[in-house]
Amino acid sequence: MERFEFQLAMLQKGAEELEKKIANFSTILQQVKTAAVTIWVALIGWVFASKIDALVPLGYVIIFGFWFLEATYWRVQFYYMQRASAVTEFLNDEKALDESFNTRSIPEGIVHPLGSLKRLKMPSLWRATCAPSIYIFYTFLFAVNSVVWLISLKTAL
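Keep in mind it's a predicted model, so treat the numbers as computed, not measured. (Residues numbered from 1 in each chain as written. Predicted model: local features only at pLDDT ≥ 70, side-chain atom pairs only at ≥ 80, totals over all residues. Heavy atoms only, no water.)

## A look at the packing of aromatic side chains
- Evaluated as defined, the whole model comprises 11 aromatic pairs.
- Taking 6.1 Å as the distance between ring centres and 65° as the angle between the ring planes, the aromatic pair formed by tryptophan 67 and tyrosine 135 counts as edge-to-face. With tryptophan 67 in helix α2 (residues 58-92) and tyrosine 135 in helix α5 (residues 132-156), this pair connects stretches of sequence that are 68 residues apart.
- Taking the relative accessible area as the measure of exposure, tyrosine 135 reaches 40% and is therefore partly exposed.
- With 5.0 Å between their ring centres and 15° between their planes, tryptophan 74 and phenylalanine 78 make a pair best called stacked. Highlighted residues: tryptophan 74 and phenylalanine 78, both in helix α2, separated by 4 residues, approximately one helical turn.
- An aromatic cluster of three or more residues is present, and its members are Tyr60, Phe64, Trp67, Tyr135, Phe137, Tyr138, Phe142 and Trp149. (Phe/Tyr/Trp six-rings, centres within 6.5 Å; stacked < 30°, edge-to-face > 60°. Helix = DSSP H or I, 4+ residues; strand = E, 2+ residues; numbered from the N terminus. Buried < 20%, exposed > 50% of the residue type's maximum accessible area, 1.4 Å probe, protein only.)

Printed below as a string of structure tokens:
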């Protein structure tokens, strides 16, 4: 097998691995959301069952903890999505693809896209926490926790 054929095989294998990693991170992100809701609901249920209203603020700790955990996983998933986009961009660029077949060489970083690519950087944690798929969910939980806390304070008076 010559070098170019090996690179093509690695490109195909790398693209498949990227798809798997992105799908795995989607599953992880869904599981994080499920765990956050489960633990938060258990806490609120415990608060109402035991009538210990002082525990409601603990819900904020749970919400923010899972918010940052999900943002951390989202950052990695987003990096892999950028990598997949770079591979797709290369494969859809007719001129670059023709040049690659003429020179029988694939550009650096595209051959096995799981390695690092110097032009792609992982997004900041702040950007990840503000991603709509994360921000909307946890802001809603934050608002509901605030309403529950206000209700518990009102009934305590």
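## Considerations on a nonpolar patch on the surface
- Side chains of Phe64, Phe68, Leu125 and Phe142 sit close together on the surface and give an oily, nonpolar patch of about 330 Å² of accessible area.
- Inspection of the secondary structure puts phenylalanine 142 in helix α5.
- According to the relative accessible area criterion, phenylalanine 142 is partly exposed, its value standing at 33%. (Patch = residues over 30% accessible without salt bridge, like charges linked within 9 Å, V, L, I, M, F, W, Y side chains within 5 Å. Areas by Shrake-Rupley, 256 points an atom, 1.4 Å probe, with all protein chains shown as cover. Salt bridge = Lys/Arg side-chain N within 4 Å of Asp/Glu carboxyl O.)

## What to know about the nonpolar core
- Grouped together as the largest cluster of nonpolar side chains are 21 residues, with contacts concentrated most on Trp40, Ile63, Phe66, Trp74, Ile134 and Tyr138.
- Going through the elements one at a time, α1 (3-50), α2 and α5 are the ones with two or more residues in this core.
- By size, the runner-up hydrophobic cluster in this structure holds 12 residues, among which are Phe4, Tyr80, Ile106 and Ile110. (Core = buried A, V, L, I, M, F, W, Y, C linked by side-chain atoms within 4.5 Å.)

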